[in-house]
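Here is how the chains run, residue by residue.
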Amino acid sequence: MDQQARLLSSQLVHKRRQVEVALTCGVLAWREIERSARRSCGFLNNGPKTASSHAVQVGEIVAVLKTKNADEDYAETGRSPKKAKHHSPLYPFAFTVSYIRRRRQHQWRCRDVTFHSANEGLCDQWIQVINEQLSLLITERVNHARDHLNTEANLDKYDGIVCVGGDGMFSEILHGLVTRIQTDNGVDQNQQDVKLLPCGLRIGIIPAGSTDCICFATVGTNDPVTSALHVIVGDSQPMDVCSVHHDDVFLRYSVSLLGYGFYGDVLTDSQKKRYLGPARYDLSGVKTFLSHNYYEGTISFLLAENNIGDPRDKLQCRSGCHVCQHKPSSKDVQWEMSQETSDKDGRVGWSVIRGKFIAINAASMSCACPRSPKGLSPSAHLADGTTDLILVRKCSRLDFLRHLVRHTNKEDQFDHSFVEVHRVRRFCFQPQRHEVVSLEDPIESPKKTGFRPVCSAQTTCDYGTSCSSWNCDGEILPRAAIQVSVHCQLIRLFARGIEQQPPCLLEDQCTLAALEPSRRRSVD
């Protein structure tokens, strides 16, 4: 076999000894230079290797990272400098390659090899070239994964994309993948009525975030091993995606929660307390609840008239859900398009509600999590082409507390006179400009009602003013006036939905069903 062409070759330092390191498309190899008997010949060949030669298959490299020196490591992690990797003053820069090491009885372990250099640029070049040979990207900044998928990644090489992280990392993958598919096919995302093309690649989530709402709602647990096994067996779960626009400008995609008012205020306040970690959400939640703001606006929506199911039917979305398998027919789409056309002329077919709201939420899934096992909308479905629009009108602080508490128990959180829920395919929201309520007004006085007016006639109700903001899957939208459309089954996940019964019980039932005819024949 001919020797493979080298992608990169350098003289580096490993364990204080000079080594020659070379990389091909299939192998990373290194050997000590002073012990080489044939320096003029390459060492990436099929002949026997000396004791000082080492080789690793590129396919068995787990990761390659830039190695921090002692001061950097101590500043970031607090780890004692004595435990940090040694950096020679002559070779202060280094990178570490993690790869698979085989042990006895078919056991695998991860092993590291660190190479040092006096040239930082050379280390960066090695990291870049090795990473180009791997199907692994270690993100180094916000939106790194999104930008990589949107511009650099060759999607034709992959069957799926697996990320380790929380809902924020999943959102990056979602935006990068969906945007790339639309861009490659000439679809303009800024058009509200455009039909987006579905993504062929599946997305896998290994949960490592603070909430892991998406993983919990699609698998039923935030256990990393369970999620990894779903990827291994190749499960496929379709999922709806909402596109959010402001006029003719695309803002973001959403798959879980769009929240204005309470949940928007919680997120806005929590951004100022990131140093507290996950505890910031609890503190901001209490603060927002005590503030008890309400917001005026107009919400218009297109009901999913021909859809199977209802937000209060207590029919939960589970593996093999028949509601999600019933995709909207062409007649349904044509009927809805006719309603949309009429709406532009005279609001025919659209429902319009004006009022004062403490919260406006759109749940495209149950939004269940360990703290709220049922979620914001227990009967919301993953792939039926709809979202559940939840309107919480102005009420007393005690009544709103009762509503919030029901998210943690089995009571119906929609069973309040000030709460209404609709299953919709599209909706629009327009904030209302109004004057500040006078403290002398006996009806609207904040001193008597506990409410705080939020807008004046001079405010524009955009992000940065006294109006609320939209919480879009954990990100703040820059506009308050938005238009939302649901795109049915736009993406697929490595999941199968929450299973109704344990697999062993299902196997027993299948076995009994299979044995039943044979028993009857034996009796006859």
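Residues numbered from 1 in each chain as written. Predicted model: local features only at pLDDT ≥ 70, side-chain atom pairs only at ≥ 80, totals over all residues. Heavy atoms only, no water.

## Regarding the confidence of the model for the protein
Part 1: Overall, the predicted model of the protein reaches an average pLDDT of 80, with 76% of residues at or above 70.
Part 2: Confidence, read as mean pLDDT per element, is least for helix H12 (residues 446-449) in the protein (38) and greatest for strand E15 (residues 387-393) (97).
Part 3: Throughout residues 73-77 the model reports pLDDT below 50, and contacts reaching past four residues in sequence, or to other chains, amount to eight contacts.
Part 4: Across residues 434-465, where pLDDT falls below 50, the model places 65 contacts with residues more than four positions away in sequence or in other chains. (pLDDT = per-residue confidence, 0-100. Helix = DSSP H or I, 4+ residues; strand = E, 2+ residues; numbered from the N terminus. Contact = heavy atoms within 4.5 Å.)

## Thoughts on the packing of aromatic side chains
Part 1: Counted under the stated rule, the structure contains 13 aromatic pairs.
Part 2: Ring geometry for Phe-427 and Trp-470: centres 6.4 Å apart, planes at 45 degrees, overall tilted. Here the residue Phe-427 occupies a position in strand E16 (residues 419-431), and Trp-470 occupies one in strand E17 (residues 470-472), the gap between them amounting to 43 residues. With respect to burial, Phe-427 and Trp-470 carry one shared label: buried.
Part 3: Taken together through their ring pairs, the aromatic side chains of Trp-30, Phe-95, Tyr-99, Phe-115 and Trp-126 make up a single cluster.
Part 4: In this structure, Lys-394 is placed above the aromatic ring of Tyr-294, and the distance from its NZ or CZ to the ring centre is 4.9 Å. (Phe/Tyr/Trp six-rings, centres within 6.5 Å; stacked < 30°, edge-to-face > 60°. Buried < 20%, exposed > 50% of the residue type's maximum accessible area, 1.4 Å probe, protein only. Lys NZ or Arg CZ within 6 Å of the ring centre and 35° of its normal.)

## What to know about the packing of helix H7 (residues 262-270) against helix H8 (residues 279-291)
Part 1: Two numbers describe how H7 lies on H8: the axes approach to 8 Å, and their chain directions differ by 130 degrees. For the element pair H7 / H8, the angle class is oblique. Handedness of the crossing formed by H7 with H8: right-handed. In this structure, H7 contributes Phe-262, Asp-265, Val-266, Asp-269 and Ser-270 to the contact, and H8 contributes Arg-280, Tyr-281, Ser-284, Gly-285, Lys-287, Thr-288 and Phe-289.
Part 2: Within the contact of H7 with H8, the residues separate by chemical class into four nonpolar, four polar and four charged. (Axes fitted to C-alpha atoms, helices over the stretch in contact; angles between N-to-C directions. Parallel < 35°, antiparallel > 145°, perpendicular 65-115°, else oblique. Left-handed = near helix turned anticlockwise from the far one by under 90°. Nonpolar A, V, L, I, M, F, W, Y, C, P; charged D, E, K, R; others polar.)

## Some words on unusual backbone geometry
Part 1: Even without being a glycine, Arg-16 presents a positive backbone phi close to 65 degrees.
Part 2: Among the structural elements, Arg-16 can be located in the loop between strand E1 (8-14) and strand E2 (17-23).
Part 3: Residue class for Arg-16 comes out exposed when judged on its relative accessible area of 70%.
Part 4: Positive phi values are uncommon outside glycine, yet Cys-367 reaches one of about 60 degrees.

## Things to note about the nonpolar core
Part 1: Formed by 61 residues in total, the largest nonpolar core has its most connected members in Phe-170 and Ile-491.
Part 2: The element best represented in this core is helix H4 (residues 167-184), accounting for seven residues.
Part 3: If we ignore the near neighbours within four places in the chain, the residues touching Phe-170 are Cys-163, Ile-203, Ile-205, Ile-214, Val-255, Ile-491 and Leu-493.
Part 4: Grouped together as the second largest cluster of nonpolar side chains are 25 residues, Leu-251, Leu-389, Cys-472 and Leu-477 included. (Core = buried A, V, L, I, M, F, W, Y, C linked by side-chain atoms within 4.5 Å.)

## Re the side chain of His-403
Part 1: In this fold, His-403 is placed in helix H11 (residues 397-405).
Part 2: A polar contact of 2.9 Å, which involves the side chain of His-403, links it to the backbone oxygen of Gln-413.
Part 3: Excluding residues within four positions of it along the chain, His-403 makes contact with Val-392, Gln-413, His-416, Phe-418 and Val-419. (Polar contact = N/O pair within 3.5 Å; in protein donor to acceptor, adjacent residues only side chain to side chain.)

## Quick notes on the pattern of salt bridges
Part 1: Applying the stated criterion across every chain, the model contains 20 salt bridges.
Part 2: Close ionic contact of Asp-147 with Arg-141 constitutes a salt bridge, the shortest N to O distance being 3.0 Å.
Part 3: Look at Asp-147 and you get partly exposed, because its relative accessible area is 23%.
Part 4: For Arg-146, the salt bridge goes to Asp-147, with nearest N and O atoms at 2.9 Å.
Part 5: Through salt bridges with shared partners, one network takes in Arg-6, Glu-20 and Arg-31. (Salt bridge = Lys/Arg side-chain N within 4 Å of Asp/Glu carboxyl O.)

## A closer look at a nonpolar patch on the surface
Part 1: A cluster of nonpolar residues, Val-225, Leu-229, Ile-232 and Val-233, forms a patch on the protein surface that exposes about 410 Å² of accessible area.
Part 2: Within the fold, Leu-229 resides in helix H6 (residues 224-233).
Part 3: Owing to a relative accessible area of 47%, Leu-229 belongs among the partly exposed residues under this scheme. (Patch = residues over 30% accessible without salt bridge, like charges linked within 9 Å, V, L, I, M, F, W, Y side chains within 5 Å. Areas by Shrake-Rupley, 256 points an atom, 1.4 Å probe, with all protein chains shown as cover.)

## Quick look at the environment of His-144
Part 1: The topology assignment puts His-144 in helix H3 (residues 144-152).
Part 2: Between the C-alpha atoms of His-144 and Gly-176, which are 32 residues apart in sequence, the distance is 9.5 Å.
Part 3: Each residue touching His-144, except ones within four places of it in the same chain, is listed here: Leu-137, Ile-138, Thr-139 and Glu-172.

## Some thoughts on helix H2 (residues 120-133)
An α-helix turns once per 3.6 residues; consequently, residues spaced three or four apart project the same way.
Part 1: Under the 1.5 Å per step criterion, the end-to-end length of H2 is 21 Å for 14 residues, consistent within 8% with the ideal 20 Å.
Part 2: Turning to H2, its buried residues number three or more, namely Leu-122, Cys-123, Trp-126, Ile-127, Val-129 and Ile-130.
Part 3: N-capping of H2 is provided by Asn-119, with a side-chain oxygen placed 2.9 Å from the backbone N of Gly-121. (Expected span 1.5 Å × (residues − 1).)

## As for the pairing of strand E9 (residues 202-207)
Part 1: With five of its six residues buried, E9 lies for the most part within the structure.
Part 2: When strand E8 (residues 160-165) meets E9, the two strands line up parallel, connected through six bridges. Among the inter-strand pairings, Cys-163 is bridged to a residue of E9, identified as Ile-205.
Part 3: On the question of chirality, the crossover connecting E8 to the parallel E9 by way of H4 is right-handed. (Pairing = 2+ DSSP bridges. Right-handed = clockwise from strand over helix to strand, strands pointing away.)

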